[in-house]
Amino acid sequence: MKLGLFTHLSWPEGVNQADVFHNSVEQVQLAESMGYHAAWFAEHHFTRYSMGSSLPAILGHMAAATQNIRLGTGVIVPNLHHPISIAEDTATIDVLSNGRLDVGFGRGVFSYEYGGFKIPAENSQERFRETVLAVRDLWTRRSVSLEGEFHTFDNIDLVPTPVQDPHPPVYIAATRSVDTLDFLVKNGFRLCVAVVQDTEPALDLLTRYRDKCHSADRPDDIEEVPFFRYIHVADTEDKAVENTRSHVNWIQDIMQWKRHLSEKTEVDQSMDDWRNERDELPPDYEYIRNNRAFIGTPEEIVEKILRLKSKGITYFGCNFAMGGLGQDAIVQSMRLFHKKVRPLID
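Residues numbered from 1 in each chain as written. Predicted model: local features only at pLDDT ≥ 70, side-chain atom pairs only at ≥ 80, totals over all residues. Heavy atoms only, no water.

Q: Would you explain the nonpolar core in this entry?
A: It is characteristic of soluble globular proteins that their nonpolar side chains tend to be buried jointly. Ranked by internal contacts, the top residues of the largest apolar core, which has 109 residues, are Tyr-36, Phe-105, Leu-191 and Phe-337. Among residues more than four places away in sequence, those in contact with Leu-191 are Tyr-171, Ile-172, Ala-174, Leu-181, Leu-184, Leu-205, Leu-206, Tyr-209, Val-225 and Pro-226. (Core = buried A, V, L, I, M, F, W, Y, C linked by side-chain atoms within 4.5 Å. Buried < 20%, exposed > 50% of the residue type's maximum accessible area, 1.4 Å probe, protein only. Contact = heavy atoms within 4.5 Å.)

Listed below in structure tokens is the structure:
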């Protein structure tokens, strides 16, 4: 079983920003020492949910702090960027990391992340496709020109060019959109299963992806498709729940809150005020634990992962750092997973 690490770099109230970044470096280095395949980082803007606003800077630093582990963008939101900037940044990271970059793309969260950049949510699918394909062309061709609906440029020669041939692997985060799945299959890209999807719909998505790949007579590269889950391992079920309940609830609260904000951010507002004002509740802890997170004893986690393995999944992504969980608890969970879970899933 190939393992990946994933983090949002969340910044709940009362948490030190610098600690989040420096702790993440330690987590990635620990994962590398344990033989993890890759470490993935999410892009978000203007929110405590994630401080991944500058993935090129983050991954450039991670490249210097590691030797072998691959580094992934989970995901870049191309609709918020110019394709030339994405191509230049990712090519540079690929060079600095000696060809260790995996590039994931997704349309992201509409709300203020789009509003802050004054990017309309309308035609997001068309903008997404145009930008991703432009990045691929810039990586692989010389003198690229584009007269698109959203971007225009002439005779661009990308410098530097990626180390990986023909380009870094491209992953697309898809959920329900048939159009997105068709787009990634048609262009030879790989699926990325996001941590925010419930497990059963995610398994159905994986099946549809494999079916479409086979119908298109292309490999599904299933061994390279990461299936990300929130994960926490403790010696007892009670301890696992105690460690994670407030952090999982925080994630659900802020995800719900963000969706309601189009003109401002939640950064300097009170979470408690939002909880008192809202007229509906997000999914509760037990729902997330039963449907989206792998939280429990080593034996419980092994059972859940082996079920995924029986469905053909051989690349499991671990989101240990969830919603401000302390570094000691994260590291203890990683070590317990390594000692008591991994031997039984390999």
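Still to come is the rest of the account.
Q: Explanation requested: the pairing of strand 9 (residues 227-233) in the structure shown.
A: It is a general feature of regular strands that their side chains alternate between the two faces of the sheet. Burial runs high along strand 9: 7 of the 7 residues are buried. Burial along strand 9 is two-sided: the residues Phe-227, Arg-229, Ile-231 and Val-233 and Phe-228, Tyr-230 and His-232 are all buried. Here 4 bridges tie strand 9 to strand 11 (residues 315-321), and the two strands are oriented parallel to one another. In the sheet register, Arg-229 faces strand 11, and the bridge partner there is Cys-318. (Helix = DSSP H or I, 4+ residues; strand = E, 2+ residues; numbered from the N terminus. Pairing = 2+ DSSP bridges.)

Q: Before we go on, may I ask you to explain the pairing of strand 10 (residues 293-296) in this structure?
A: Here strand 10 shows a buried face lined by Ala-293 and Ile-295 and a second buried face lined by Phe-294 and Gly-296. Where strand 9 lies against strand 10, 4 bridges are found, and the strand directions are parallel. The residue bridging Ile-231 from the neighbouring strand is Phe-294, located in strand 10.

Q: Sorry, what's going on with the packing of helix 11 (residues 298-310) against helix 12 (residues 327-345) here?
A: Angle between the axes and distance between the axes are the two parameters that describe a pair of packed helices. At a minimum axis distance of 9 Å, the contact between helix 11 and helix 12 shows a crossing angle of 40°. Considering the angle they form, helix 11 stands oblique to helix 12. When you trace helix 11 past helix 12, the crossing you get is right-handed. Contacts from Pro-298, Ile-301, Val-302, Ile-305, Leu-306 and Lys-309 in helix 11 reach Leu-336, Phe-337, Lys-340, Val-341, Leu-344 and Ile-345 in helix 12. (Axes fitted to C-alpha atoms, helices over the stretch in contact; angles between N-to-C directions. Parallel < 35°, antiparallel > 145°, perpendicular 65-115°, else oblique. Left-handed = near helix turned anticlockwise from the far one by under 90°.)

Geometric descriptors of this kind do not, in isolation, establish any biological role.
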